[in-house]
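Remarks on the overall topology
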Amino acid sequence: MDVTLAVLAGRWTPLVLREFLRRGRAGYSELSAALPALSDKVLSERLAQLTGAGVLERHRTPGWPPRVGYTLTARGRALEPVVHSLWEWGSARHRDASDLPSDLSPQRPS
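Residues numbered from 1 in each chain as written. Predicted model: local features only at pLDDT ≥ 70, side-chain atom pairs only at ≥ 80, totals over all residues. Heavy atoms only, no water.

1. With respect to the overall build of the protein chain
This is how it is decided: The secondary structure listing takes helices from DSSP runs of H or I that are at least 4 residues long and strands from runs of E that are at least 2 residues long, numbered from the N terminus. For every residue, the accessible area (1.4 Å probe, protein chains only) is compared with the maximum for its type, and the residue is labelled buried under 20%, exposed over 50%, or partly exposed between those bounds. In what follows, a contact means two residues having at least one pair of non-hydrogen atoms within 4.5 Å.
A tally of regular secondary structure across the protein chain gives six helices and three strands. Helices and strands in the protein chain line up, N terminus first, as α-α-β-α-α-β-β-α-α. For the protein chain, the residues scored as buried account for 25% of the 110 residues in total. Within the protein chain, residue pairs in contact and separated by at least 24 positions form 46% of the contacts whose partners lie at least 6 positions apart.

2. Points about unusual backbone geometry
Cis geometry marks the peptide bond from W64 to P65; its omega dihedral reads -10 degrees. Structurally, P65 can be placed in the loop between β2 (56–61) and β3 (67–72). Even without glycine at this site, W12 takes up a positive phi of about 85 degrees. For W12, the position within the fold is in the loop between α1 (2–7) and α2 (13–23).

3. Examining the sheet that holds β3
As a reminder of what qualifies: Pairs of strands are assigned from DSSP output, requiring at least two bridges between the strands. Axis angles are defined between N-to-C directions and span 0 to 180 degrees, where every axis is a line fitted to C-alpha atoms and, for a helix, only to the segment in contact.
Spatial ordering of the open sheet is given by β1-β3-β2, a layout of three strands whose pairing is antiparallel. In this open sheet, the two edge strands, each paired with only one partner strand, are β1 (25–27) and β2. The sheet shows a mean angle of 25 degrees between the axes of neighbouring strands, direction not considered. Looking at chain direction, β2 and β3 are connected through six bridges and run antiparallel. Looking at the pairing, R58 lines up with Y70 of β3.

4. Focus on the pattern of salt bridges
Applied cut-off: Just to be clear on terms, a salt bridge is a Lys or Arg side-chain nitrogen sitting within 4 Å of an Asp or Glu carboxyl oxygen.
Following the criterion strictly, the structure yields six salt bridges and no others. R22 is paired through a salt bridge with E19; the nearest N and O atoms lie 3.2 Å apart. With R22 and E19 both in helix α2, this residue pair falls three residues apart, about one helical turn. Owing to a relative accessible area of 58%, R22 belongs among the exposed residues under this scheme. Across the pair R23 and E30 runs a salt bridge, and its minimum N-O distance is 3.8 Å.

5. So, the side chain of E19
Basically, it comes down to this: Here a polar contact means two N or O atoms within 3.5 Å. Within protein one must be a hydrogen donor candidate and the other an acceptor candidate, and residues neighboring in sequence count only if both atoms are side-chain atoms.
A residue is classified by how much of its surface remains accessible, and E19, at 3% relative accessible area, is buried. Looking at E19, its side chain comes within polar contact range of the side chain of R22, at 3.2 Å. In this view, E19 contacts L31, A34 and L35; residues no more than four positions away in its chain are not counted.

6. Quick word on the side chain of T71
When you line up the elements, T71 lands in strand β3. Within the structure, T71 has its side chain in polar contact with the side chain of H59 (distance 3.3 Å). Excluding residues within four positions of it along the chain, T71 makes contact with F20, G24, R25, V55, L56, E57 and H59.

If you want it as structure tokens, here you go:
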């Protein structure tokens, strides 16, 4: 369990992974558009983290400007039931947020 939690550690990591589970592959700009509340710095950190864990593969396309794309690996696809379970659990708690302490209640974007 600790290994899985280490891969998913960090705010936004599960949402970045969710985008790859939906798409299979994506470029930086696609991810940035899909997750507009995520800063460039954090997105770069999460992509490096997931690449280092073997969840994503990084591909650089030659040319100008150089383009970088990321592809979900088999190891990353294996996380799909884990992410789905997290989503289901959170959705159930979100429906009845009254059972959560105030610091864990879902925050609405401003």
